[in-house]
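Residue-level structural notes
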Amino acid sequence: MDNGSLKGMNATVRLRRLTEQDASKEYARWFEDKELRRWIARPTPTIAACRAYIAEQRANPNVRLWGIFLERRHVGNIKATLIVRTNQAVLGLMVGERGLRGMGVGPAAIRQAARWCVRHWKVGLVAAGVHPFNVRSMRAFEKCNFKVADLDPPRVWLHLEKP
């Protein structure tokens, strides 16, 4: 670690589609974090709830829910939802491990997920809806060339400039 950031994160941050086996005590524990709970739409505070959420997301062909892995440690999730009628993907990010927030994990995951959406879903737009007071999330998307496109309370919509 150097100057509060993890250098070369794209080399060490990996995305892997989650399976029900990825539901763990550590994953469920993320939802006890007050800061994180402010921003997530659907808290899943038990292992069983995490497992059910993963299964629900896997069953939807228009959703990809990846775990964010640093080395072999599951440290967060990123979700892509395909909006077929508008040919766009919407990303949602959660860095669950508190000590890794603001360290470059989010932008590394966003870049990988956005590339996947463009390559596999052939979308013309990658967007993210972020609460305006969630400064860390806004910064993570802005570091990946997302720009504020619309204010639609309670969200700020960011669009990737050139997917």
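Scroll up to find the structure.
First, a word on scope: everything that follows refers to the structure included in this document. As a convention, each chain's residues are numbered from 1 in the sequence order in which they are written. Reporting of local features is limited, given that this is a predicted model, to residues whose pLDDT is at least 70; pairs of side-chain atoms are given and counted only at 80 or more, and all residues count toward the totals for whole chains, interfaces and linings. With hydrogens and water stripped out, all remaining heavy atoms of the structure feed into the side-chain values.

Spatially, 7 strands are ordered 1-2-3-4-5-7-6 in an open sheet, and the strand pairing comes out mixed. Strand pairing shows two members of the sheet lacking a second neighbour, strand 1 (13-17) and strand 6 (146-152), which therefore form its edges. Each strand of the sheet is rotated relative to its neighbour by a mean of 30°, with strand direction disregarded. A pair of strands is considered paired only if DSSP assigns at least 2 bridges between the two. The helix count covers DSSP runs of H or I at least four residues long, the strand count covers runs of E at least two residues long, and both are numbered beginning at the N terminus. Where strand 4 (residues 88-95) meets strand 5 (residues 125-130), 4 bridges bridge the pair, whose relative direction is parallel. Residue pairing across strands places Gln 88 opposite Leu 125, the latter belonging to strand 5. Here, residues are in contact when the closest pair of their heavy atoms is within 4.5 Å. Interaxial angle, 0 to 180 degrees, is taken between N-to-C directions of lines fitted to C-alpha atoms, where a helix line uses only the stretch in contact. Here helix 5 (residues 105-121) sits on the sheet in contact with strand 1, strand 2 (63-70), strand 3 (73-83), strand 4, strand 5, strand 6 and strand 7 (155-160), set at roughly 155° to strand 4.

This part takes up the pattern of salt bridges. Once their charged atoms are close, side chains differing in charge can pair, the charge on each being opposite to the other. Any carboxyl oxygen of Asp or Glu that lies within 4 Å of a side-chain nitrogen of Lys or Arg is treated as forming a salt bridge with it. Evaluation of the coordinates by the stated rule reveals 2 salt bridges. Note that Arg 16 and Asp 22 form a salt bridge whose closest N and O atoms lie 2.8 Å from each other. Remark: exposure states derive from per-residue accessible area (1.4 Å probe, protein chains only) relative to the maximum for the residue type, with buried under 20%, exposed over 50%, and partly exposed in between. Judged by relative accessible area, Arg 16 falls into the partly exposed class, the value being 39%. A salt bridge links Glu 97 to Arg 73, with the nearest nitrogen and oxygen atoms 3.5 Å apart. You can see Glu 97 sitting in the loop between strand 4 and helix 5 and its partner Arg 73 sitting in strand 3, a full 24 residues away along the chain. Assessed through its relative accessible area of 21%, Glu 97 is described here as partly exposed.

Attention now goes to the pairing of strand 5. With 5 of its 6 residues buried, strand 5 lies for the most part within the structure. A crossover counts as right-handed when, viewed with the strands pointing away from the observer, the path leading from the first strand over the helix to the second turns clockwise. Assessed by its sense of winding, the connection that carries the chain from strand 4 through helix 5 to strand 5 is right-handed. In this structure, strand 5 lies alongside strand 7, joined through 4 bridges in antiparallel fashion. Of the residues in strand 7, the one forming a bridge with Val 130 is Val 156.

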